[in-house]
Amino acid sequence: MRKKKGGVMREPAPHEPIFGILAEFSHPDALRDAVRKTYAGGYTHIDTYTPFPIEGLAEALHFQDSRVPLLCLAGGITGALTGYGMQVYTNLDFPIDIGGRPLISWQAFMLITFELTVLFAVLFAIAGMLLFNRLPRLNYPVFDIESFHLASSDKFFLIVFSNDPRFDPEETSSFLSDLDPVRVDQVGKAEEAE
Amino acid sequence: MTQQVSPGAHGSSLNRYAAITGEITQIPISFPQRRNWWIAFAFALTLLLIFFVSAIVVFWNGVGVWGINIPVNWGLAISNYIWWLGIGHAGTLISAMLLLMNEHWRNALNRFAEAMTLFAVVCAGLYPILHLGRFWYFYWMAPYPNTMNIWPQFKSPLTWDFFAVLTYLIVSVLFWYIGVIPDLAATRDRTQKRRQQVFYGLFALGWRGSARHWARWQQAYRLTAAIAVPLVVSVHSEVSLLFAAGPIPGWNSTVFPPYFVLGAAFSGFAVVSMIATVLRYAFDLEDLVTARHLDLLGKLLLASGLMTSYGYISEVFFTLYSGVQHDVLTLQHRLGGTYAWSYWGAVICNFVPLQLLWWHNIRTNPLPLFLIGLSVTVGMWCERYMLLVTALYKDYLVSSWGEYHASFWEWSLYIGTLGVFLVPFLLFVRFLPMISSFEIKEALYEEEERGRDA
């Protein structure tokens, strides 16, 4: 199992019968608490599903991925070079002498340079966000859980993935049950067939 | 394998999470105002039809069907372009600037304000293309290798315009869309109808609220917001340079960029106020778009209006202070010439009813706020018209003086663009969650947390 720096995690392979164990909580604080305890219990391959971003939760999951901001910066630099380069190139390619004024007048080139900096930075940041999140995606195993539709309303879910080194279907689900959740469900291929 | 464990014991905020999600997602799922919506939509479609007819007439006959001439070769097409673009800017400012300042009250307004931005920018973007008359040569604006071996003139504000508006449109679409994804997922999860599940499911891109997804989403969203604020300033400054970079009395002024940007924000806040009052009334959203929101919108409108009035004063002051003969003459034409109605219309509609917003009771009352917003919208339209026409119609050379009167087809095209705005906006109201439910819930939780810590 590969675990790259920055909390990037592989999801369980398709042939594995169980995807993970999902616990449902009814308050963000209960979820936060559960995340802390699950880590203390030695689990590392976990994730949460919440209706809104909860401050500190990503850090609690040891998420440190700054590829999106870096990509945004790279996009900005690419855009600036493209914008400025395009204007310099075209002016050299077809010089127009306007009363002896400088051919490469950088002041006049700044606006397009800025606009393309913005355009590329935003495109890169958003494309990067979707790419690293592996979205769009038509389906995902947790969608099979009946109460999971509440993950976009008022419930807060914690999952331990089956490729966690300490994962054991019975043991993990009893561990999660001890965290005082509303319910615990097994996410798996077996249920999908129903 | 399913185990039932004891339910969590937490209080009222939880019910509110579900209630907020329900209230917002229920509107697109089982639309409450079907009849009124259809009436409004039929009206908007009529306007859109007028737009198409007017556009076809222009393309068939050329811009000669308009009243534009030499010296006044811009006319309604360009003043409306600026008017629409300016209206658009407020959506980005409300959404991006207030996000970065952690002003949570923005969450009740940003979604429809951004939708307004999108459709206003579309209306704006159509105008320069229509003004070309021969729209099929539009791609000549883009720098591409061609058989003529020439390039766009990159030292001209007209070329900057192409890049500025295009960038602004793309960035606005993306910012709005990634902001709506989590709510599309919420709508997908609430609906029981297969058709809606497929529709919202596809556009939600499989969003599931994973903590890692949220973290990257926030990175991308906040970065885009941080970039969008200077983008707005750059776009409208650039628009002002279409004027200020020209050697025309009444245009060639360094005050134009901030003057235009503030005027843009002012007109946009006016339209946001109008939309907010109408939507909260039509969909009973008083608990989400509260009196406090109207109060803050009123303050924003008042503040940006006063800043815009500073632009008016400084313009007059510097003209008189400089004593440049022709500039003074242009000022006289503005205050008392053929188009004095547009100058005084702008001053009166923009700044006289605005003063009512000093009173808290007026700000929190939807009807006066709506009417003041309408007045400002009209006033800013007059301002754009005034700035453009009064400077052009009497240039330095008396021999090239001439008047401009908009023709029927210019007016009909303008009325038509209202349809270009309203049709997609009504579709947005009908089919998408028009208020950001997840951001309201997030703010609610943070408030609760702060309350506990205190």
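Note that this is a predicted model, so its numbers are computed, not measured.

## Here's the deal with the overall build of chain B
Step number 1: Tallying secondary structure elements over chain B gives 15 helices and one strand in all.
Step number 2: Computed over the C-alpha atoms, the radius of gyration of chain B is 24 Å, within 12% of the 22 Å expected from 2.2 N^0.38 for a compact globule of 454 residues.
Step number 3: Here the C-alpha coordinates of chain B stretch approximately 90 × 55 × 40 Å along the principal axes.
Step number 4: Looking at the 454 residues of chain B, the share that counts as buried comes to 48%.
Step number 5: Restricting to contacts in chain B with at least 6 residues of sequence separation, those with at least 24 account for 81%.

## A word on the interface of chain A and chain B
Step number 1: With 64 residues of chain A in contact, the opposing surface of chain B contributes 56 residues.
Step number 2: Looking at the side of chain A that touches chain B, the elements that each hand over two or more residues are α1 (28-40), β4 (46-49), α2 (57-60), α3 (67-93), α4 (106-132), α5 (169-177) and β6 (183-188) of chain A.
Step number 3: Per element, the largest residue contribution to the side of chain A that touches chain B is 15 residues, and it comes from α4(A).
Step number 4: In terms of residue class, the side of chain A that touches chain B is built from 39 nonpolar, 16 polar and nine charged.

## Observations regarding helix α10 (residues 325-336) of chain B
Residue and element names in this part refer to chain B.
Step number 1: In this model α10 runs 16 Å from its N-terminal to its C-terminal C-alpha over twelve residues, within 8% of the 16 Å that 1.5 Å per residue would give.
Step number 2: Listed as buried for α10 are D327, T330, H333 and R334. Down the axis of α10, the sector holding all buried residues measures 115°, keeping them to one side. Summarising the geometry of α10, the exposed residues directed more than 90 degrees from the buried face are Q325 and G336.
Step number 3: Contacts from the buried residues of α10 go to α9 (291-322), α11 (340-351) and α13 (366-392).

## Describing the environment of A211(B)
All names here are of chain B.
Step number 1: Topologically, A211 is positioned in helix α7 (residues 211-244).
Step number 2: Look at A211 and you get buried, because 24 C-beta atoms sit within 10 Å.
Step number 3: In sequence terms A211 and A340 are 129 residues apart; their C-alpha atoms lie 59 Å from each other.

## Description of the domain arrangement of chain A
Interfaces are often sized by the amount of accessible area the parts lose when they come together.
Step number 1: Domain annotation of chain A identifies domain 1 (19-65 + 142-192) and domain 2 (67-132).
Step number 2: The straight-line distance from the C-alpha centre of domain 1 of chain A to that of domain 2 of chain A is 44 Å.

## Quick word on unusual backbone geometry
Step number 1: Going from L135(A) to P136(A), the amide bond is cis rather than trans, its omega being 0°.
Step number 2: Relative to the helices and strands, P136(A) is located in the loop between α4 and β5 (156-161).
Step number 3: For the bond from I70(B) to P71(B), the omega torsion is 20°, close enough to zero to count as cis.
Step number 4: Among the structural elements, P71(B) can be located in the loop between α2 (34-61) and α3 (75-100).
Step number 5: Non-glycine residue D284(B) carries a positive phi angle of around 50°.
Step number 6: Along the polypeptide, D284(B) turns up in the loop between α8 (256-282) and α9.

## Details of the nonpolar core
Step number 1: Counting residues in hydrophobic clusters, the biggest one holds 185 residues, and the most contacted among them are A23(A), A125(A), I159(A), M116(B) and V272(B).
Step number 2: Both of domain 1 (19-65 + 142-192) and domain 2 (67-132) of chain A provide at least three residues apiece to this core.
Step number 3: Not counting chain neighbours up to four residues away, the residues in contact with M116(B) comprise G91(B), V271(B), V272(B), I275(B) and F425(B).

## A few points about the packing of α4(A) against helix α5 (residues 157-190) of chain B
Packed helix pairs are characterised by how far apart their axes lie and by the angle those axes make with each other.
Step number 1: α5(B) packs onto α4(A) with a crossing angle of 20° between their chain directions and a minimal axis gap of 9 Å. What the angle tells us is that α4(A) and α5(B) run roughly parallel. For the crossing formed where α4(A) meets α5(B), the hand is left-handed. Two secondary-structure elements touch here, α4(A) through L111(A), I112(A), E115(A), L116(A), V118(A), L119(A), V122(A) and I126(A) and α5(B) through W160(B), F163(B), A164(B), T167(B), I170(B), V171(B), L174(B) and I178(B).
Step number 2: Grouping the constituent residues of the contact of α4(A) with α5(B) by class yields 14 nonpolar, one polar and one charged.

## Side note on the environment of V239(B)
All names here are of chain B.
Step number 1: Topologically, V239 is positioned in helix α7.
Step number 2: Between the alpha carbons of V239 and V171 there is a distance of 17 Å; along the sequence they are 68 residues apart.
Step number 3: Not counting chain neighbours up to four residues away, the residues in contact with V239 comprise I82, L85, D161 and F260.

## Thoughts on the UniProt feature "transmembrane region" (unreviewed entry) in chain A
Step number 1: This chain's UniProt record puts "transmembrane region" (unreviewed entry) on residues 68-86 and 106-132 of chain A.
Step number 2: From the first C-alpha to the last, residues 68-86 of chain A spans 26 Å; its make-up is 100% helix and 0% strand.

Quick notes on the rules
Residues numbered from 1 in each chain as written. Chains lettered and ligands numbered in written order. Predicted model: local features only at pLDDT ≥ 70, side-chain atom pairs only at ≥ 80, totals over all residues. Helix = DSSP H or I, 4+ residues; strand = E, 2+ residues; numbered from the N terminus. Rg over C-alpha atoms; globule rule 2.2 N^0.38 Å. Buried ≥ 20, exposed ≤ 12 C-beta atoms within 10 Å, placed from the backbone. Contact = placed C-beta atoms within 7 Å. Nonpolar A, V, L, I, M, F, W, Y, C, P; charged D, E, K, R; others polar. Expected span 1.5 Å × (residues − 1). Arc of directions from axis to C-beta. Domains from an automatic or database assignment. Core = buried A, V, L, I, M, F, W, Y, C linked by C-beta atoms within 7 Å. Axes fitted to C-alpha atoms, helices over the stretch in contact; angles between N-to-C directions. Parallel < 35°, antiparallel > 145°, perpendicular 65-115°, else oblique. Left-handed = near helix turned anticlockwise from the far one by under 90°. UniProt positions renumbered as here; feature names shortened; annotations may be inferred.

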